[in-house]
Amino acid sequence: MLNLVLPLSLSIIVLIIIFSIFYIKHKKKMFIRNYLKNNNKTRSFVNKPLMIIGPSGVGKDTFMQILIDKYPNLFIKCVSCTTRSPRKNEKDGINYYFISKEEFNELDEKSEIIGRFEKYNNLYGTSKEKLNNVLSNNKIVYFDYNIETAINTFNKKIIDFNYIALLPPSIQELENRLRNRKTENEESIQKRISYARKEIELINDSKFINFVIKNEDLVKACNEFELSIKKLYCHLFK
């Protein structure tokens with residue numbers, strides 16, 4: 001009888017130990033899951049929104065339009081708000097939502113603006129309502145923002161973005177492109193060039209950007225831009 005009791009007791013003890021280990025692991029997993037749920041401010045989506053960074057005139061709109069023409073059902077722009085006046089050929093709701101400073105500040109006071117920043121005495125930011133509307137789509141939602149806003153959104157972890165930065169081959173080439181657009185006066189061009197120097201420096205110093213592309217040759221750089229997006233969203237390009 002003793003010969004049976006001893007092995008049985010050992011078996012029970014082993015089962016109790018195994019059960020205890022699994023129970024502790026389960027409780028630990030549940031604790032971590034609940035902690036992350038209650039404390040992690042980062043919002044995750046089916047597709048991370050894409051933030052395209054770069055100085056004015058570097059080619060952000062051109063690159064995106066080429067990809068949109070190639071993949072018309074894959075991208076959707078989150079149109080930002082601005083208090084500046086529309087340029088020639090810009091349309092409200094397509095390029096920006098052009099609103100007054102009073103409207104912008106009212107939304108900001110209600111915490112309805114994300115990524116607020118001021119540039120050349122004009123305010124820019126994204127409406128939470130507009131953002132939530134586009135994030136519900138199973139598409140690549142993209143933003144066109146400056147590097148300071150990108151750093152701000154990355155540090156605050158409000159939304160988890162992918163980041164692609166475009167750089168000009170040189171400041172002189174960027175200035176030539178801005179002049180060729182013929183949408184700015186001399187004072188505005190000089191302000192943009194001065195700010196571009198700062199943006200380029202910040203982009204080169206930033207470690208969180210997924211890809212940095214220098215737009216020296218349009219075709220080559222655009223191909224690199226497309227490849228970068230395919231790497232970030234490979235599940236959409238099967």
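Residues numbered from 1 in each chain as written. Predicted model: local features only at pLDDT ≥ 70, side-chain atom pairs only at ≥ 80, totals over all residues. Heavy atoms only, no water.

Caption draft 1: Up close: the overall build of the chain. Of the regular secondary structure elements, the chain holds eight helices and nine strands. For the chain, the proportion of its 238 residues judged to be buried stands at 39%. Counted over contacts in the chain with a minimum sequence separation of 6, partners at least 24 positions apart contribute 68%. For the chain, the exposed area adds up to about 14900 Å²; of that, 54% sits on carbon and sulfur atoms. (Helix = DSSP H or I, 4+ residues; strand = E, 2+ residues; numbered from the N terminus. Buried < 20%, exposed > 50% of the residue type's maximum accessible area, 1.4 Å probe, protein only. Contact = heavy atoms within 4.5 Å. Areas by Shrake-Rupley, 256 points an atom, 1.4 Å probe, with all protein chains shown as cover.)

Caption draft 2: Layout of the packing of helix α6 (residues 171–181) against helix α7 (residues 186–205). Where α6 meets α7, the closest approach of the two axes is 10 Å, and the angle between their N-to-C directions is 145°. Viewed along their axes, α6 and α7 form a crossing whose handedness is right-handed. Along its contact with α6, which presents Ile171, Leu174, Glu175, Leu178 and Arg179, the element α7 presents Glu186, Ile189, Gln190, Arg192, Ile193, Ala196, Arg197 and Ile200. (Axes fitted to C-alpha atoms, helices over the stretch in contact; angles between N-to-C directions. Left-handed = near helix turned anticlockwise from the far one by under 90°.)

Caption draft 3: Focus on the state of the cysteines. Overall, the coordinates contain zero disulfides when judged by the stated rule. The thiol sulfur of Cys78 is not disulfide-bonded, and the nearest other cysteine sulfur, from Cys81, lies at 8.7 Å. Using a relative accessible area of 2% as the deciding quantity, one classes Cys78 as buried. (Disulfide = S-S within 2.5 Å.)

Caption draft 4: Layout of the sheet that holds strand β1 (residues 50–53). Within the open sheet, the five strands sit side by side as β2-β7-β1-β8-β9. Their pairing is parallel. Strands at the two margins of the open sheet, each flanked by one partner only, are β2 (75–77) and β9 (211–214). Each adjacent strand pair in this sheet contributes to an overall mean axis angle of 25°, direction not counted. In the sheet, β1 pairs with strand β8 (residues 162–167) via four bridges, with the strands oriented parallel. (Pairing = 2+ DSSP bridges.)

Caption draft 5: Broad picture of the nonpolar core. Formed by 31 residues in total, the largest nonpolar core has its most connected members in Met51, Ile53, Leu131, Phe143, Tyr163 and Ile209. Of all elements in the fold, only β1, β5 (113–119), α4 (128–135), β7 (140–145), α5 (147–156), β8, α6 and α7 reach the threshold of two or more residues within this core. Sort the elements by how many residues they give to this core and α7 lands first, with five residues. Residues contacting Phe143, with those up to four places away along its chain left out, are Pro49, Leu50, Met51, Ile52, Cys78, Thr126, Leu131 and Phe161. Counting 20 residues, the second largest nonpolar core, distinct from the first, contains Leu50, Val58, Leu74 and Tyr142. (Core = buried A, V, L, I, M, F, W, Y, C linked by side-chain atoms within 4.5 Å.)

Caption draft 6: View of the layout of surface pockets. Taken as a whole, the largest pocket holds about 1100 Å³ of empty space. Lys60, Asp61, Arg87, Asp144 and Arg181 are, among the 40 residues lining the largest pocket, the residues nearest its centre. A per-class count over the lining of the largest pocket returns 15 nonpolar, twelve polar and 13 charged. Taken as a whole, the second largest pocket spans an internal volume of roughly 250 Å³. Looking at the second largest pocket, it is lined by 13 residues, and the ones nearest its centre are Tyr120, Asn122, Glu184, Ser188 and Arg192. (1 Å grid on protein atoms, 1.4 Å probe; cavity = no way out; pocket = protein on both sides within 12 Å on 5 of 7 lines; lining within 4 Å. Points joined across faces, edges and corners; volume = space filled by probe spheres on them. Nonpolar A, V, L, I, M, F, W, Y, C, P; charged D, E, K, R; others polar.)

Caption draft 7: Geometry of the side chain of Thr126. Structurally, Thr126 can be placed in strand β6 (residues 122–127). Overall, the relative accessible area of 1% leaves Thr126 in the buried class. A distance of 3.3 Å separates polar atoms of two side chains, one belonging to Thr126 and the other to Ser80. (Polar contact = N/O pair within 3.5 Å; in protein donor to acceptor, adjacent residues only side chain to side chain.)

Caption draft 8: Molecular detail of the pattern of salt bridges. Enumeration according to the criterion identifies 13 salt bridges in this entry. Salt-bridge contacts for Glu90 lead to Arg87; the nearest nitrogen and oxygen are separated by 3.8 Å. Across the pair Glu175 and Arg179 runs a salt bridge, and its minimum N-O distance is 2.8 Å. With Glu175 and Arg179 both in helix α6 and four residues apart, this pair spans about one turn of that helix. Relative accessible area serves as the criterion here: at 15%, Glu175 is assigned to the buried category. Owing to a relative accessible area of 33%, Arg179 belongs among the partly exposed residues under this scheme. When salt bridges with common partners are traced through the structure, they connect Lys70, Glu226 and Lys230 into a single cluster. (Salt bridge = Lys/Arg side-chain N within 4 Å of Asp/Glu carboxyl O.)

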